Amino acid sequence: MAAFTVIDHEELTGAAATWTSATIPSSYDHLYLTISARGALAGSNDYEYVDVQFNGEVTGTNYSSTILWAGSTTPGSAREAGVNGLDRLILMNADGSTADTFGNASIWIPNYANTANYKQALGKFGCENADATAWHWLIGVGAGLWSSTAAITSITIDPQNGDLMQYSSFTLYGVTGA
């Protein structure tokens, strides 16, 4: 049976440009991150893209990700490579969505401390909105690859177009036995 141990937990007390868990020990088999977040991207934007970055690597060609989402009766998909993080892994609510709603996401990172292979990440997310108009709400799944054999020692969540808003929360678990 899998055991989940909280490595890091934070609820933001004010706006922040990013969230980072910077001291991830190598003593677990896998990592699992849960997120409840809202970005400050204003205007009519109901959701925004999020860069998921490892070990402080902000730019480079080591990231590639694919996303499948639904926000209407017709699903959509996208793929990105060589960008500033796994930017097609999860999305979150933006400031154009219903006031005080937060998107929810989770990211599973298997074998994060393995130094022989590239690192995979699997995400799922939901962007809530009190508006039933197509593409004002969103659900989806994403898969990403970090083309590095380095063990993951830090994770950064970086909204692409604004800050993380107050009360966004992040819980990182180390998973053993799964």
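Residues numbered from 1 in each chain as written. Predicted model: local features only at pLDDT ≥ 70, side-chain atom pairs only at ≥ 80, totals over all residues. Heavy atoms only, no water.

Visitor: Before we go on, may I ask you to explain the overall build of the protein chain in this structure?
Guide: When its secondary structure is counted, the protein chain shows zero helices and 12 strands. The helix and strand sequence of the protein chain, counted from the amino end, reads β-β-β-β-β-β-β-β-β-β-β-β. For the protein chain, whose C-alpha radius of gyration is 16 Å, the value lies close to the compact-globule estimate of 16 Å for 178 residues. Referenced to the eigenvectors of the C-alpha coordinate spread, the extents of the protein chain come out at roughly 45 × 35 × 35 Å. Across the 178 residues of the protein chain, 43% fall into the buried class. Carbon and sulfur atoms make up 51% of the accessible area of the protein chain, which totals about 8,000 Å². One way to put it: in the protein chain the 5 positive side-chain charges average out to a point 10 Å from where the 16 negative ones average out. (Helix = DSSP H or I, 4+ residues; strand = E, 2+ residues; numbered from the N terminus. Rg over C-alpha atoms; globule rule 2.2 N^0.38 Å. Buried < 20%, exposed > 50% of the residue type's maximum accessible area, 1.4 Å probe, protein only. Areas by Shrake-Rupley, 256 points an atom, 1.4 Å probe, with all protein chains shown as cover. Lys, Arg positive; Asp, Glu negative; His and termini not counted. Charge placed at Lys NZ, Arg CZ, Asp CG, Glu CD.)

Visitor: Would you explain the pairing of strand β10 (residues 138-146) in this entry?
Guide: Successive residues of a regular strand alternate their side chains across the two faces of the sheet. By the alternation rule, side chains of β10 split into L138, G140, G142, G144 and W146, which are all buried, and I139, V141, A143 and L145, of which none is buried. Looking at chain direction, strand β5 (residues 63-70) and β10 are connected through eight bridges and run antiparallel. Bridge assignment links W69 to a residue of β10, and that residue is G140. When strand β9 (residues 119-127) meets β10, the two strands line up antiparallel, connected through nine bridges. Paired with G123 across the strands is G142, a residue of β10. (Pairing = 2+ DSSP bridges.)

Visitor: Even after reading the chapter, I still don't get the nonpolar core, so can you show me in this structure?
Guide: In a soluble, globular protein the nonpolar side chains are often hidden away together inside. Ranked by internal contacts, the top residues of the largest apolar core, which has 35 residues, are F54, I107, I155 and I157. Broken down by element, the residue count for this core peaks at four residues, all from strand β3 (residues 30-37). Those residues in contact with F54 that lie beyond four places of it in its chain are Y63, L86, I109, A121, W146, I152, S154 and I155. (Core = buried A, V, L, I, M, F, W, Y, C linked by side-chain atoms within 4.5 Å. Contact = heavy atoms within 4.5 Å.)

Visitor: Please clarify how the pattern of salt bridges should be interpreted in this entry.
Guide: A side chain with one charge can pair with a side chain of the opposite charge if their charged atoms come near. Enumeration according to the criterion identifies three salt bridges in this entry. We note a salt bridge from D95 to R38, for which the minimum N-O separation is 3.3 Å. Of the two residues, D95 is situated in the loop between β7 (91-93) and β8 (103-110) and R38 in the loop between β3 and β4 (47-54); the sequence distance between them amounts to 57 residues. The residue D87 makes a salt bridge to R88 at a minimum N-O spacing of 3.4 Å. Comparing D87 with R88, the two get one shared label, buried. (Salt bridge = Lys/Arg side-chain N within 4 Å of Asp/Glu carboxyl O.)

Visitor: Mind showing me how you'd approach the packing of aromatic side chains here?
Guide: Any two aromatic rings considered together are summarised by their centre-to-centre distance and by the angle between their planes. In total, this model carries eight aromatic pairs according to the counting rule given. Ring centres of F4 and Y173 lie 6.0 Å apart, and the angle between their planes is 80°; on these two criteria the pair is classed as edge-to-face. One end of the pair, F4, is in strand β1 (residues 3-11); the other, Y173, is in strand β12 (residues 169-176), and 169 residues separate them in sequence. For F4, a relative accessible area of 45% corresponds to the partly exposed category. (Phe/Tyr/Trp six-rings, centres within 6.5 Å; stacked < 30°, edge-to-face > 60°.)

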